[in-house]
Amino acid sequence: MSGFLTGKRALITGIASPRSIAAGIAEALAAQGAELAFTYVGDKLQGRVEAVAEQHGSSIVLPCDVASDADIDGLMDKLAGHWDGFDILIHSIGFAPRELLKGGYLESVTREGFHIAHDISAYSFAALGKAARPMMAKRDDAAMLTLTYLGADKALPSYNVMGPAKASLEANVRYMAAELGREQIRVNGISAGPIKTLAAAGISGFRDMQAATANAAPLGRNVTALEVGNTAAFLCSPLASGVTGEIVFVDAGYNIMGMPPG
Ligand code: NAD
Ligand code: 0WE
């Protein structure tokens, strides 16, 4: 297959269902000719991720809970058995204990919940980048990409502790980009608009929030996981060879507006 990612190998984390943003990214990367490998967390998700992998002609599906250093090291060891190196790392992982994503921020936040949100949602990008670095070095133009949200920049209802965690994740993008640039590894983030995935399904009021966002956005609608995927494909391709350390909004323009529609 020909495309602007022909000959590139991508490791994709964060698929929990066919609606996951990472599944849209997989589809877009595969459409441009990339070869894919996947991670999953928990035995329950293994079959689902294997099904997505199979759709894209991949049989590399490896376990990795980013809370575990042993899992992260084991992932790269196992991947080295399939590939001598790879070009693209997709980090599409976020988590905070559910009780922290309702009510007020100070009302819900705890030391433990704050720690978990930052560990799983922000540190894990640095941890995966650190572990992937040897396999991503000495390639033409390699790229790491993460998924973030407007709650990093602006205070939003109920997003709560995930806001500070995403702010930390975005700072990670810049620090990683600064350090890896000389190795021809670029690091970027996509700030996606609200998409109805498993991570969103559990949030009370998500539907109303998604509707309000669509109504206020310049494009008058929400974005799809495939639209995020197509921007991911661009950012991880040689077409974006001069872009690193950036957060690109893929949100139908919502973030540029200064006043809610009356
Ligand atoms: P999703 O539920 O499909 O994906 C979240 C993924 O995180 C799941 O695959 C889950 O297995 C993984 N994960 C959680 N804890 C993990 C751990 N300890 N180790 C490894 N993986 C773990 O939801 P999604 O919406 O596709 O989320 C993907 C990313 O996109 C997240 O970072 C999320 O914050 C971000 N994002 C989502 C939206 C949205 O509205 N859906 C908008 C902007 C950004
Ligand atoms: O980053 C996210 C999802 C974050 C998330 C979601 C969950 C639900 C299940 C993190 N941890 C958990 N933990 C769970 O147990 N998004 C950008 C989607 C999202 O989540 C919101 C949103 C939006 C948008 C939460 C509140 C308000 C808006």
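The following refers to the structure shown. For clarity, every value in this text was computed on a predicted model and none was experimentally measured.

Turning to the side chain of Ser17, a few remarks are in order. Inspection of the secondary structure puts Ser17 in the loop between strand E1 (9-12) and helix H1 (21-31). Apart from the residues within four sequence positions on either side, Ser17 is in contact with Ala23, Arg48 and Leu198.

Below, the discussion takes up helix H3 (residues 69-80). Note that an α-helix has 3.6 residues per turn; residues three or four places apart therefore point the same way. Taking 1.5 Å as the rise per residue, H3 with twelve residues should run 16 Å; its terminal C-alpha atoms sit 17 Å apart, in good agreement. If you check which residues of H3 are buried, you get Ile72, Gly74, Leu75, Met76 and Leu79. Against E1, strand E2 (35-40), strand E3 (61-63) and helix H5 (111-136) lie the buried residues of H3. The opening residue of H3, the one whose side-chain oxygen lies 3.3 Å from the backbone nitrogen of Ala70, is Ser68.

Here we come to the site of ligand 2. Around ligand 2 sit Phe95, Ala96, Arg98, Leu101, Tyr149, Pro157, Ser158, Tyr159, Ala199, Ile203, Phe206 and Met209, and that is every residue in its neighbourhood. Contact between ligand 2 and Ala96: a nitrogen atom at 2.8 Å from a main-chain N or O atom of the residue. Contact between ligand 2 and Tyr159: an oxygen atom at 2.7 Å from a side-chain N or O atom of the residue. Taking 590 Å² as the accessible area of ligand 2 by itself, protein coverage stands at 88%. Taken together, the residues of the shell around ligand 2 sort by class into ten nonpolar, one polar and one charged.

Residues in a regular strand project their side chains so that they alternate between the two faces of the sheet. Alternating residues of strand E4 (residues 88-91) divide into Ile88 and Ile90 and Leu89 and His91, and every residue in both groups is buried. Of the strand pairs in this sheet, E1 and E4 are connected by three bridges, and their pairing is parallel. Bridge assignment links Ala10 to a residue of E4, and that residue is Ile88. The pairing of E4 with strand E5 (residues 142-148) spans four bridges and is parallel.

In this section: the pattern of salt bridges. The final tally for this structure, using the stated rule, is seven salt bridges. For Glu35, the salt bridge is made with Arg9, and the minimal N-O distance between the two is 3.8 Å. Taken as a pair, Glu35 in strand E2 and Arg9 in strand E1 lie far apart in primary sequence, 26 residues in all. The exposure class assigned to Glu35 is partly exposed, which follows from its relative accessible area of 41%. For Arg9, the salt bridge goes to Asp84, with nearest N and O atoms at 2.9 Å. Separated by 75 residues along the polypeptide, Arg9 in strand E1 and Asp84 in the loop between H3 and E4 bring together distant segments of the chain. Within this structure, Arg9, Glu35 and Asp84 form a network of salt bridges that share partners.

Here the focus is the sheet that holds E5. Strand order across the open sheet formed by seven strands is E3-E2-E1-E4-E5-E6-E7, with parallel pairing between neighbours. Each end of this open sheet is capped by a strand with a single partner; those strands are E3 and strand E7 (247-250). In this sheet, adjacent strand axes meet at a mean angle of 20 degrees when their direction is disregarded. The sheet strands contacting H3 are E1, E2 and E3, and the helix crosses E3 at an angle near 155 degrees. Running over the sheet, helix H9 (residues 225-235) touches E5, strand E6 (185-192) and E7 and is turned about 160 degrees from E6.

The rules behind these values
Residues numbered from 1 in each chain as written. Chains lettered and ligands numbered in written order. Predicted model: local features only at pLDDT ≥ 70, side-chain atom pairs only at ≥ 80, totals over all residues. Heavy atoms only, no water. Helix = DSSP H or I, 4+ residues; strand = E, 2+ residues; numbered from the N terminus. Contact = heavy atoms within 4.5 Å. Expected span 1.5 Å × (residues − 1). Buried < 20%, exposed > 50% of the residue type's maximum accessible area, 1.4 Å probe, protein only. Polar contact = N/O pair within 3.5 Å; in protein donor to acceptor, adjacent residues only side chain to side chain. Near = heavy atom within 4 Å. Areas by Shrake-Rupley, 256 points an atom, 1.4 Å probe, with all protein chains shown as cover. Nonpolar A, V, L, I, M, F, W, Y, C, P; charged D, E, K, R; others polar. Pairing = 2+ DSSP bridges. Salt bridge = Lys/Arg side-chain N within 4 Å of Asp/Glu carboxyl O. Axes fitted to C-alpha atoms, helices over the stretch in contact; angles between N-to-C directions.

By themselves these figures say nothing about function.
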